[in-house]
Amino acid sequence: MHDQPRFKPLAESDFYPDLRSARPVVEDTVARGQLHEDTYFYTGKIGNNDGDFMPFPVTQDVLAHGQQRYNIYCAPCHSRLGDGNGMIPQRGFRHPPSYHIERLRKAPLGYFFDVMSNGFGAMPDYASQIPPRDRWCIVAYIRALQLSQNATKNDVPAGQEVPSQPPTFRGNPGSGATLPQIASPAASPEEKQ
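Not measured: the values here are computed from a predicted model.

1. Thoughts on the overall build of the protein chain
Each helix and strand in the protein chain was counted, giving 7 helices and 2 strands. When the helices and strands of the protein chain are read in sequence order from the N terminus, they spell out α-β-β-α-α-α-α-α-α. In summary, the protein chain has a C-alpha radius of gyration of 27 Å against a globular reference of 16 Å for 193 residues, an excess of more than 25%. Along the longest, intermediate and shortest principal axes, the C-alpha atoms of the protein chain span 100 × 40 × 30 Å. When the accessible surface of the protein chain is summed, it comes to about 14200 Å², and 54% of that surface belongs to carbon and sulfur atoms. Computed over 19 positive and 20 negative side-chain charges, the inter-centroid distance for the protein chain is 6 Å.

Written as structure tokens, this is what we have:
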């Protein structure tokens, strides 16, 4: 068994008419898990143009998963706010553009997917690190991040209150070494001072 006959990879073999020991792949075969029938899901493009819709419904779970993946892979450079002031650029690397500039707010969703998949400028591609569904979850979270940072009171439907008001403090808001003392919502004006 130690010295059995075998083909050495890429060595010449007179057994086959084409003299190659490595056999070509059978035509039209696809490796398991690499069918990729839904080209939009795997590329973010419709033909040569970036698409502008999600390939699956966006739910709270999708956004939560997108936020988690964004915080792992994107926030070191883009920051948790998406303003491009993450820890990596603060250490001297090139600043990525803010997601809140007009060009990127108007960019189609497929653009973000394509940049994550293939890289752009100084940004490397993340296709081998982030599966396609996770990349789409990140895209959904980026769009939610853009909406949250650029929302106005006019974006809130009529008759609905803004979810929360900023807290009011009694005295100073705290120094970091001391906890802030938050005034109760029904506090009198004297308590708030």
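2. Examining helix 2 (residues 60-73)
Residues that lie three or four places apart on an α-helix share one face, since the helix turns once every 3.6 residues. Taking 1.5 Å of rise per residue, the 14 residues of helix 2 would be expected to cover 20 Å, and the 20 Å separating its terminal C-alpha atoms lies within 8% of that figure. Three or more residues of helix 2 are buried, namely V62, G66, R69 and Y70. Projected onto a plane normal to the axis of helix 2, the buried residues spread over an arc of 105° and lie on a single side. Facing away from the buried side of helix 2, by more than 90 degrees, are the exposed residues Q60 and D61. Check the buried side of helix 2 and you find it contacts helix 3 (75-78) and helix 7 (132-149).

3. What to know about the side chain of D134
For D134, the location among the structural elements is in helix 7. An unpaired buried charge is present at D134: no salt bridge exists, and R69, the closest side chain of opposite charge, is 4.0 Å distant. If we skip the residues at most four places from it in the chain, D134 touches H65 and R69.

4. Some details on the nonpolar core
Ranked by size, the top nonpolar core spans 27 residues in total, and within it M54, F56, Y70, F112, W136, I138 and V139 carry the most contacts. For this core, the element with the most residues is helix 7, which contributes 8 residues. Excluding anything up to four places from it in sequence, F112 contacts Y99, L104, A107, V139, I142, R143 and Q146.

5. Quick notes on the packing of aromatic side chains
In this structure the tally under the stated criterion is 13 aromatic pairs. Ring centres 6.5 Å apart and planes at 70° place the aromatic pair Y111 and F120 in the edge-to-face group. Taking the relative accessible area as the measure of exposure, Y111 reaches 18% and is therefore buried. Every member of this aromatic cluster is reached through a ring pair, and the members are Y70, Y99, Y111, F112, F120 and Y141. A cation over a ring is seen here: R23 above Y16, with NZ or CZ 3.9 Å from the ring centre.

6. Notes on unusual backbone geometry
The phi dihedral of L10 falls on the positive side, at around 60°, and the residue is not glycine. Relative to the helices and strands, L10 resides in the segment before helix 1 (39-43). For S79, which is not glycine, the phi torsion reads 70° and is therefore positive. By relative accessible area, which is 10% here, S79 ends up buried.

7. Notes on the packing of helix 6 (residues 109-118) against helix 7
The interhelical angle for the contact between helix 6 and helix 7, taken along N-to-C directions, is 130°, at an axis separation of 9 Å. As far as their axial angle goes, helix 7 and helix 6 are oblique. The chirality of how helix 6 crosses helix 7 is right-handed. Two secondary-structure elements touch here, helix 6 through L109, G110, F112, F113, M116 and S117 and helix 7 through P132, R135, W136, I138, V139, I142, R143 and Q146. When grouped by side-chain class, the residues that make up the contact of helix 6 with helix 7 number 9 nonpolar, 3 polar and 2 charged.

Cut-offs used in this document
Numbers given to residues run from 1 along each chain, matching the order in which its sequence is written. A pLDDT threshold of at least 70 governs which residues receive local features in this predicted model, and a stricter bar of 80 or more applies before side-chain atom pairs are shown or counted, although totals over entire chains, interfaces and linings include all residues. Processing note: side-chain calculations cover all non-hydrogen atoms of the structure and skip hydrogens and water entirely. Each helix is a run of H or I in the DSSP string that is no shorter than four residues. Each strand is a run of E no shorter than two, and both are numbered from the N terminus. Radius of gyration here is computed from C-alpha atoms only, and the compact-globule reference equals 2.2 Å multiplied by the residue count raised to the power 0.38. In these tables, accessible area is a Shrake-Rupley quantity obtained with a 1.4 Å probe, and a residue counts as shielded only by the protein chains included in the view. Neither His nor the chain ends contribute to the count of charged residues, in which Lys and Arg are positive and Asp and Glu negative. To locate a charge, take atom NZ for lysine, CZ for arginine, CG for aspartate or CD for glutamate. For a helix, the expected span equals 1.5 Å multiplied by the number of residues minus one. Relative accessibility thresholds used throughout: buried, under 20% of the residue-type maximum; exposed, over 50%; partly exposed, between the two (1.4 Å probe, protein chains only). Working definition: the arc comes from the directions between the helix axis and the C-beta atoms, pointing outward to the latter. Any two residues whose heavy atoms approach within 4.5 Å are treated as being in contact. A pairing counts as a salt bridge when a side-chain nitrogen of Lys or Arg comes within 4 Å of a carboxyl oxygen of Asp or Glu. We define a nonpolar core as any set of buried Ala, Val, Leu, Ile, Met, Phe, Trp, Tyr and Cys residues linked to one another through side-chain atoms lying within 4.5 Å. By convention, a stacked pair of Phe, Tyr or Trp rings (six-membered ring in the case of Trp) has centres within 6.5 Å and planes under 30 degrees apart, an edge-to-face pair has planes over 60 apart, and any other such pair is tilted. A ring has a charge above it when a Lys NZ or an Arg CZ is no more than 6 Å from the ring centre and no more than 35 degrees off the ring normal. Whenever a helix is involved, its axis is fitted only over the stretch in contact; in every case the axis is a line through C-alpha atoms, and angles between N-to-C directions fall within 0 to 180 degrees. Angle categories are assigned with fixed cut-offs, so that under 35 degrees is roughly parallel, over 145 is roughly antiparallel, 65 to 115 is roughly perpendicular, and the rest are oblique. Helix crossings fall into two classes, left-handed where the near helix is turned counterclockwise from the far one by less than a right angle and right-handed where it is turned clockwise. As a working rule, the residues Ala, Val, Leu, Ile, Met, Phe, Trp, Tyr, Cys and Pro are called nonpolar, Asp, Glu, Lys and Arg charged, and the rest polar, with Gly in that last group.

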